Amino acid sequence: MAFTTRTDEDMGISAEETTPLYSWATNSTTTLHAQRRWLPMKYTHDPNLAYSILGFVCPLLILVTIVFNTLVVIVLFKKHMRTATNMLLTAMAVSDMLTGVFNLPWWMYYYMFNNYHKPVSLAWCKAYYYVAEFIPVIFHTASIWLTVALAIQRYIFVCHPAYAKKWCCMERVKWSIFLIYVASSAYNFPRFFDTDYRTQIVIWPLDGMHSTGTVTHCFKDFKPWVYSIGVNVYFNIYFWFRVICVHVLPCTSLVVLNSLLLLAMKQAAQRRKKLLQENRKSESSKLRESNCTTAMLIVVVSVFLVVELPLAVVFIIHICINTFELQIVTMEVLNNVTLTTAFLIILSYPINFCIYCGMSKQFRHTFKHLFVKESIIRSQSGNSTRYTCILNNETTVL
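Numbers given to residues run from 1 along each chain, matching the order in which its sequence is written. Local features in this predicted model are restricted to residues whose pLDDT is 70 or higher, and side-chain atom pairs enter the listing and the counts only when it is 80 or higher, whereas totals over whole chains, interfaces and linings include all residues. The basis for every side-chain value is the complete set of heavy atoms in the structure, and neither hydrogens nor water enter the calculation.

Q: Honestly, the side chain of Asp194 in this entry has me stumped. Any pointers?
A: Turning to its location among the elements, Asp194 is positioned in the loop between helix H7 (170-188) and strand S4 (195-204). Whenever two N or O atoms come within 3.5 Å, that pair is a polar contact, provided that in protein one can donate a hydrogen and the other can accept it, and provided that, for residues adjacent in sequence, both atoms are side-chain atoms. Of note is the side chain of Asp194, whose polar atom sits 2.6 Å from the side chain of Arg191. Side-chain polar atoms of Asp194 contact the side chain of Tyr234, separated by 2.8 Å. Here, residues are in contact when the closest pair of their heavy atoms is within 4.5 Å. Residue contacts for Asp194: discarding those within four places in its chain leaves Asp221, Phe222, Lys223, Trp225, Val226, Tyr234 and Phe235. Helix and strand definitions here come from DSSP, where helices need a minimum of 4 consecutive H or I residues and strands a minimum of 2 consecutive E residues; each element is numbered from the N-terminal end.

Q: Just to check I follow, could you spell out the sheet that holds strand S2 (residues 39-40) for this structure?
A: Sheets are built from strands that pair by backbone hydrogen bonding, the pairs being arranged parallel or antiparallel. Strand order across the open sheet formed by three strands is S2-S5-S4, with antiparallel pairing between neighbours. Looking at the sheet topology across the chains shown, the edges are occupied by S2 and S4. A strand pair is defined by DSSP finding two or more bridges across the two strands. Here ten bridges tie S4 to strand S5 (residues 213-222), and the two strands are oriented antiparallel to one another. Looking at S5, one finds that Gln200 is bridged to His217. Packed onto the sheet, helix H5 (residues 122-159) meets S4 and S5 and runs at close to 130° relative to S4. Each axis is a line fitted through C-alpha atoms, taken for helices only over the stretch in contact, and angles between the N-to-C directions span 0 to 180 degrees.

Q: Please explain the pattern of salt bridges as it appears in this structure.
A: Opposite charge on two side chains permits pairing when their charged atoms draw close. Each salt bridge in this description consists of a side-chain nitrogen of Lys or Arg and a carboxyl oxygen of Asp or Glu lying within 4 Å of one another. Scanning the entire structure with this criterion turns up two salt bridges. Ionic pairing is found between Asp194 and Arg191, a salt bridge with its closest N-O pair at 2.6 Å. Judged on exposure class, the residue Asp194 and its partner Arg191 are both buried. Between Asp196 and Lys223 there is a salt bridge; the shortest N-O distance is 2.5 Å. Placement of the pair is Asp196 in strand S4 and Lys223 in the loop between S5 and helix H8 (224-229), with a sequence separation of 27 residues. Residue Lys223 is classed as partly exposed on the basis of its relative accessible area of 22%. Burial status follows relative accessibility: with a 1.4 Å probe on protein chains alone, a residue under 20% of its type maximum counts as buried, one over 50% as exposed, and anything between as partly exposed.

Q: What am I meant to see in a nonpolar patch on the surface here?
A: Patch membership requires more than 30% relative accessible area and the absence of a salt bridge. Residues of like charge join within 9 Å; the nonpolar side chains Val, Leu, Ile, Met, Phe, Trp and Tyr join within 5 Å. Throughout, the Shrake-Rupley method with a 1.4 Å probe supplies accessible areas, and for residues the shown protein chains are the sole cover considered. The grouping of Phe189, Phe193, Trp225, Ile229, Val233 and Ile237 at the surface amounts to a nonpolar patch, some 580 Å² of accessible area in total. At the level of elements, H8 and helix H9 (231-277) are the ones that each hand at least two residues to the nonpolar patch. Within the secondary structure layout, Ile229 lies in helix H8.

Q: What exactly am I supposed to notice about the pairing of S5 here?
A: The side chains of a regular strand alternate between the sheet's two faces. By the bridge criterion, two bridges tie S2 to S5 in an arrangement that is antiparallel. Bridging from a neighbouring strand, Pro40 pairs with Phe219 of S5.

Structure representation (structure tokens):
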């Protein structure tokens, strides 16, 4: 049951958990720290598939995400929109955006400008792994657990409203967001310090075919403390923790919570029908708004599950192959499937903006107000203006 050094990097799956551009190919993880084994940075993706997806489609989607999610943040930061639910939606938008932003320059350099076959300098090598591999995993992990927090909050609002004021207040939500980011950073913290990098003069290309001479290229090896723990032990702990706490547990929780919310919506629809029959239109209207909010958040969570569940399955297969030495599929096929699932995750990032615009009347009007000077769903009450915050059923008088 051994993790190969190559698998360590193949499973970095940053950039929406995508496979990295390069890996370190070897089948030995038993080297003692007294016998350093420096491994060259080697290209891993199918060039044709990666060139189109990572070179053009994903950068375009990330640029769209930057625009859309920036608009989401601006809208939700408006004074009348600052609520506990919107705070979580804002944090999710920022996390999704930064997950893509940290990968954008690398994808453009390697693929759009066709530099993936060139040797890599020491500074570029370190920057790539720190910025494009490890940091995006932190933000993606945070985004996953922020989605779980959003689903839990809505479940409390709908199914246990008596506890909503205590557990879903702004102060608790802010602390939840802070702790999610701290936890996401903490579990990835060792990855920033488990590897040494250096350059060596090698014949280029590395396969020795059609040699063009010698170049200076980046090599790496694990630090002595990793060998002291045991490479197998270190990566088994890291990746199994990751598959359980970043993939299986959140996705399972969201499936359960979404099912409970759907059931609650069905029950609420029946109550609303009864209220209409009793001519209690005001209560019926409030229940309808609550259902609209719940429906919107269910759609957000459902989109998340559609793109995250396939990645969770691929990731589980990945670590099972290396932990139990199974031969389910070839690494080449698995890398291409992972690249495709990563593309689907990036594709989902701009969708939340469309969901908010399509399902939240207040969001649409606030967004429109950014560009057109007019009132936002307002009804005059004396000298004040009343805004109905559809996103979480709260009303703020300004």
